[in-house]
Amino acid sequence: MSIINPSAGNGGFYPTHSRNRIIRIKKLEKLLGKSGQPDFIQSMSVDQSQIIQGVGDNPDGQGEIIQILGEESIDLSKLSNHFMRVDRMVIPQNARMVNPDVLEGIVEGKIDEKAIDLSTQGLFYSGKMEGGVLLNVCGMVESVYYTDMHFHPCENKLPPHGFDFHHSEDGFRTCPTPQLIPSTDDTLAKDAISGIRHKLVVFHMPQSELLKPQGTYVSPRTGTKKPNYTIKDILEMYFKDKKLTGKKSNPKIRWKHEDVLKGGIFLIPMIMPDDRVAYYGVLNVDGKSNRRKPVKKILQNWFNAVNKYNENPESQWIGIAGNDGTLCFIDDWSIFVCKNAQLLVANKEDVYKQAVLDSAIR
């Protein structure tokens, strides 16, 4: 099976192994769900006969199963001949997927500093994860792809000029990209050249999940047992760490209050450079949340960025400025959580090197 990548020549070692996996969609076919599969995970068989680049290709040319998140009906024919980024994604047990349309309606216009009301009708898709899963997920679908693109976003960008959109305020940086849901609803795609309008992916973890100890510690010397830290305990230590983000960045909330996280935590998947997913964890609390901004303001800013990108996705770049010296790993969820991130949009010509722009294929 050939890899269609003009810049890679005959597929030298470095070109072959320094780029994320991209598939050019020839045909998508929806598969029937399996027992226990939530409605918001749709399984698709992808005809891989036109693979653009990346390792792990099926040598026999058979279709591969890839998941698309979201309950909405997608016109699969409209995705034909587009480019799909394939992400390796963990969805943890007990996660519920948020309906992005309902959540966006909550944070539109003038907003207050109240937590998101979890009882809002239609906020969650039906069902939750019965167990953690590791999936190959459709990350984004685009009508143009740049073949001369390194897996690490910074390698593709112009040297800093004017403002530096990918560095953090803290002296650290991570360089993830967003994971978005493709939508082919004509009423939503009227301004999109490609006919595809993306939506934000958001999950939610309830307070009950945060209060469970992560197993039990048994002393090898005395046999004494004690519960491990809860996820709330871990998040408290992470969010209160002054050395990483500075005092002004930490949410000023009463961590010891038993109901401080009664609103749970929102998790927004972010694709790290090696195509694995970490999550931006937004505390759903009254008052100031991450970076001492209201949770509604944080989410509003992310929705605004996605909408701006959708106005002209062929000419716009969308990415995430990460602001963490370290990510917080939560073993029970098998995921990393980031506490500081910002979704950004800019013109591709202001972001990509000329060599990247010149390598575009459609």
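Small disclaimer: the values here were computed from a predicted structure and weren't measured.

S.K.: Can you help me understand the nonpolar core in this one?
M.R.: One recurring pattern in soluble globular proteins is that nonpolar side chains are buried together. Of all hydrophobic cores here, the largest spans 37 residues; its most connected members are Leu-69, Ile-91, Phe-203, Leu-267 and Trp-333. Of all the secondary-structure elements, those providing two or more residues to this core are strand 6 (83-91), strand 8 (133-142), strand 13 (203-205), helix 4 (231-240), strand 16 (265-271), strand 17 (277-283), strand 19 (328-330) and strand 20 (335-338). For this core, the leading source of residues is helix 4, giving five residues.

S.K.: Quick question: what am I supposed to make of the packing of aromatic side chains here?
M.R.: Any pair of aromatic rings gets described here by the distance separating the centres and the angle formed by the planes. Scanning the model with the defined rule gives eight aromatic pairs in all. The interplanar angle of 70 degrees and the centroid separation of 6.3 Å between the aromatic rings of Phe-40 and Phe-203 together place this pair among those described as edge-to-face. Residue Phe-40 is located in the loop between strand 2 (28-30) and strand 3 (41-46), and its partner Phe-203 is located in strand 13; the two are separated by 163 residues in the primary sequence. Of the two residues, Phe-40 and Phe-203, neither departs from the other in class, the shared state being buried.

S.K.: Help me out: how do you make sense of helix 4 in this one?
M.R.: The periodicity of an α-helix, 3.6 residues per turn, causes residues three or four places apart in sequence to face the same way. Within helix 4, seven of the 10 residues are buried, which leaves the element mostly enclosed by the surrounding structure. In this structure, the buried residues of helix 4 make contact with helix 3 (207-210), strand 16, strand 17, strand 19 and strand 20.

S.K.: Please clarify how empty space enclosed by the protein should be interpreted in this entry.
M.R.: The method is simple in principle: a probe with the dimensions of a water molecule rolls over the atoms, and the space it marks as empty is what remains. One pass over the structure, following the stated rule, counts two cavities of 30 Å³ or more. Put simply, the largest cavity is a space of about 450 Å³. What lines the largest cavity is a set of 29 residues, among which Arg-85, Glu-142, Met-149, Thr-177 and Tyr-352 lie closest to the centre. Every element with two or more residues in the lining of the largest cavity is listed here: strand 8, strand 9 (145-146), strand 10 (177-178) and strand 18 (316-322). The greatest single-element share of the lining of the largest cavity, amounting to three residues, is contributed by strand 18. Across the lining of the largest cavity, the residue classes tally to 17 nonpolar, six polar and six charged.

Each value, and the rule that gives it
- Residues numbered from 1 in each chain as written.
- Predicted model: local features only at pLDDT ≥ 70, side-chain atom pairs only at ≥ 80, totals over all residues.
- Heavy atoms only, no water.
- Core = buried A, V, L, I, M, F, W, Y, C linked by side-chain atoms within 4.5 Å.
- Buried < 20%, exposed > 50% of the residue type's maximum accessible area, 1.4 Å probe, protein only.
- Helix = DSSP H or I, 4+ residues; strand = E, 2+ residues; numbered from the N terminus.
- Phe/Tyr/Trp six-rings, centres within 6.5 Å; stacked < 30°, edge-to-face > 60°.
- Contact = heavy atoms within 4.5 Å.
- 1 Å grid on protein atoms, 1.4 Å probe; cavity = no way out; pocket = protein on both sides within 12 Å on 5 of 7 lines; lining within 4 Å.
- Points joined across faces, edges and corners; volume = space filled by probe spheres on them.
- Nonpolar A, V, L, I, M, F, W, Y, C, P; charged D, E, K, R; others polar.

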